[in-house]
Amino acid sequence: MLEHVPEWLGSLLRNIRAGHAKLIVADPDIAAGATRFDLSSPAFANGARLPERFTADGDGVSPPLVWGGMPTGTRSLALIVEDPDAPAPRPLVHALVWGIPTDERRIAEGAIVRDGEGHADGRDVGRNSFFAEGWLPPDPPTGHGAHDYVFQLFALREAPVLSANPGRGDFIDAIRGRVLGAGVLVGTYSRGEGSTAGLGDFQPAPA
């Protein structure tokens, strides 16, 4: 994967990034007027470096997540994790989960994995940017600097209708017009460099 990109090439691409403005939660057509709610992890603080076990340099499992109360009228939850610092035209998708029941308040460590047709309770795991179900471990190129991994949990007024193994575009179409609230958590990761956070005080797009 990207750990094989030579450091000289990573450094050359350092200023080529998708951009935080292309995050789904930053799109005013998606999150305008969304209520902010708490999204956090017992494994790392907002804006802090991701522990190695959640990355391609470690076990590569998904981190645990917890969240607070949802806006009134929430009928379903959907999660997407994006890397806006990827040297690509749009953020890289590291995880996509939808149909999370509203009585859930956590996702356990290692829970974002391939699930085929999904779970009996309606939740399902979609495709990451490597066209596979499950968690895509952070794997930034050496020399490219710190990357933000932005966990975006959306409270929806109705459950999205998605086909099996949807991608980013399908996810956007399915939640548009249904978002009541959003929780945002940022973890950073880099190879051989200090980390910085670009979204520690992120707010959903204003109405």
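Residues numbered from 1 in each chain as written. Predicted model: local features only at pLDDT ≥ 70, side-chain atom pairs only at ≥ 80, totals over all residues. Heavy atoms only, no water.

Engineer: Would you explain the overall build of the chain in this entry?
Structural biologist: Of regular secondary structure, the chain possesses three helices and 10 strands. Overall, the chain shows an N-to-C arrangement of helices and strands of α-α-β-β-β-β-β-β-β-β-β-α-β. The burial tally for the chain puts 51% of its 207 residues in the buried class. Excluding contacts between residues fewer than 6 apart, the proportion of contacts in the chain whose partners are at least 24 apart in sequence is 77%. Approximately 9,000 Å² of the chain is accessible, and the part contributed by carbon and sulfur atoms is 50%. (Helix = DSSP H or I, 4+ residues; strand = E, 2+ residues; numbered from the N terminus. Buried < 20%, exposed > 50% of the residue type's maximum accessible area, 1.4 Å probe, protein only. Contact = heavy atoms within 4.5 Å. Areas by Shrake-Rupley, 256 points an atom, 1.4 Å probe, with all protein chains shown as cover.)

Engineer: Would you mind going over the side chain of Gln152 with me for this structure?
Structural biologist: Note on placement: Gln152 falls in strand β9 (residues 147-156). Among the residues examined, Gln152 registers a relative accessible area of 0% and is labelled buried. A polar contact of 2.9 Å, which involves the side chain of Gln152, links it to the backbone nitrogen of Val25. Within the structure, the side chain of Gln152 is placed 3.4 Å from the backbone oxygen of Val150, a separation counted as a polar contact. (Polar contact = N/O pair within 3.5 Å; in protein donor to acceptor, adjacent residues only side chain to side chain.)

Engineer: In this structure, what is going on with the sheet that holds strand β7 (residues 106-107)? I would like to understand it.
Structural biologist: Hydrogen bonds between backbone atoms are what pair the strands of a sheet, whose relative direction is either parallel or antiparallel. The strand order across the open sheet formed by three strands is β2-β4-β7, and the pairing between neighbours is antiparallel. Of all strands in the sheet, those bounded by a partner on one side alone are β2 (39-40) and β7. As paired elements, strand β4 (residues 65-67) and β7 share two bridges and run antiparallel to each other. Pairing of Leu65 across the sheet is with Ile107, part of β7. (Pairing = 2+ DSSP bridges.)

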